[in-house]
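Observations on chain architecture
Spelled out, the chains give:
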Amino acid sequence: MIEKHPVLPGAEAWSAPGGDVGIVVIHGFTGNPWSMRPLAEALAERGFAIEMVRLPGHGTHWRDMMRSRYADWRDEVRRARERLRGAGKKVLLVGLSLGGSLALDVASEQPEAVAGVVCINATVLDREGILAKLAPVLEKILPVVPAKAAGLVENDIAKGGDEHAYAYVPAAAGGSFLKELPRLREAVAGLQVPVLVAYSPQDHSVPPENSKKILELLPGKKEELRLERSFHVATLDYDFELLVERIAELAARV
């Protein structure tokens, strides 16, 4: 897709060379690499190769996101995975929120191309409430809604800070993700690669029941990591160092 607005400072994609293991780092819905940059840099310092993506339509202006869909975001993750594989790396997919859902999805469709997954406060459950049920109709009437009206909490970070996410949500783009959730649950139920499921019990954006469902569905090797001190954007919160340690441990094992 063609974006008509420049990339915001700090929202750029980023990569770093490294050893035998490469990590694809994926941000969340309406967010951008700003929320993942500290994590990507910390893992790069530990010797891992990094491909931190900027999902199409994100990190510029919400009007660009109106033209993007879930398939565009998934393709971007696939391309990052293939860049690392082309360099001879074993690949770990690490994602926050929507990024975690994308990581599970991409790993499920081609598990032989992925050595492991880390999903942080990922979504797999259908959203509740009348607005979610009416979303296919409402997106034709209200193409853009305020983030709060869509159930997204601004800067859901216990320690405070700004993730620089959009204040408005393009309804059709969000709807394209919601439509994928039933298929995603089926895919997770067949995923055999090692998965670290990290979640915040005090998440105000994605209920922790989503991560518990992922753990329930996964048939293969899985680990649970509770981020007790953090809210939704755990990559910018009090449990940041714990996340780095556990992701590095998994990356070293694979």
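Throughout this document, residue positions are counted from 1 along each chain, in the order its sequence is written. Only residues with pLDDT of at least 70 get local features here, since the model is predicted, and only at 80 or more are side-chain atom pairs given and counted; chain-wide, interface and lining totals rely on the full set of residues. The basis for the side-chain values is all heavy atoms of the structure; hydrogens and waters are excluded.

1. A short note on the packing of aromatic side chains
Here is the rule we go by: Here is the rule: rings of Phe, Tyr and Trp (six-membered ring for Trp) pair when centre to centre is within 6.5 Å. Planes less than 30 degrees apart are stacked, more than 60 are edge-to-face, and the remainder are tilted. Secondary structure follows DSSP: runs of H or I at least 4 residues long count as helices, runs of E at least 2 residues long count as strands, and numbering of each begins at the N terminus. Exposure classes here rest on a 1.4 Å probe applied to the protein chains alone. A residue is buried below 20% of its type maximum, exposed above 50%, and partly exposed in between.
Taken as a whole and assessed by the stated rule, the structure comprises 4 aromatic pairs. Geometrically, the ring pair formed by Trp62 and Tyr168 is tilted, given 5.7 Å between the ring centres and 50° between the ring planes. In this pair, Trp62 is assigned in helix 2 (residues 62-65) and Tyr168 in strand 7 (residues 168-170), connecting sequence segments 106 residues apart. Classification of Tyr168 as partly exposed rests on a relative accessible area of 39%. Members of the aromatic cluster, connected to one another through ring pairs, are Phe29, Tyr70, Trp73 and Phe177.

2. Observations concerning the pairing of strand 4 (residues 90-96)
Put simply, the rule is: Two strands form a pair only when DSSP identifies at least two bridges running between them. Handedness of a crossover is defined as follows: with both strands directed away from the viewer, a clockwise route from the first strand across the helix to the second makes it right-handed.
In terms of burial, strand 4 is a largely internal element, 6 of the 7 residues being buried. Bridge count between strand 4 and strand 5 (residues 116-120): 5 bridges; the pairing is parallel. Across the sheet, residue Val94 finds its bridge partner in strand 5, namely Val118. Taken together, strand 4, helix 4 (residues 98-109) and strand 5 form a β-α-β motif whose crossover is right-handed.

3. Some remarks on the environment of Asp126
Operational definition: The contact definition used throughout considers only heavy atoms, calling two residues in contact when any of these lie within 4.5 Å. Definition of a polar contact: a pair of N or O atoms within 3.5 Å, with one able to donate and the other able to accept a hydrogen when the atoms are protein atoms, and with sequence-neighbouring residues admitted only if both atoms are side-chain atoms.
Mapped onto the fold, Asp126 is located in the loop between strand 5 and helix 5 (130-133). With relative accessibility at 43%, the residue Asp126 sits in the partly exposed group. Asp126 sits 84 residues away from Asn210 along the chain, and the two C-alpha atoms are 9.2 Å apart. Apart from residues no more than four positions distant in its own chain, Asp126 is found in contact with Leu181, Pro182 and Arg185. Only 3.2 Å separates the side chain of Asp126 from the side chain of Arg185, close enough to count as a polar contact.

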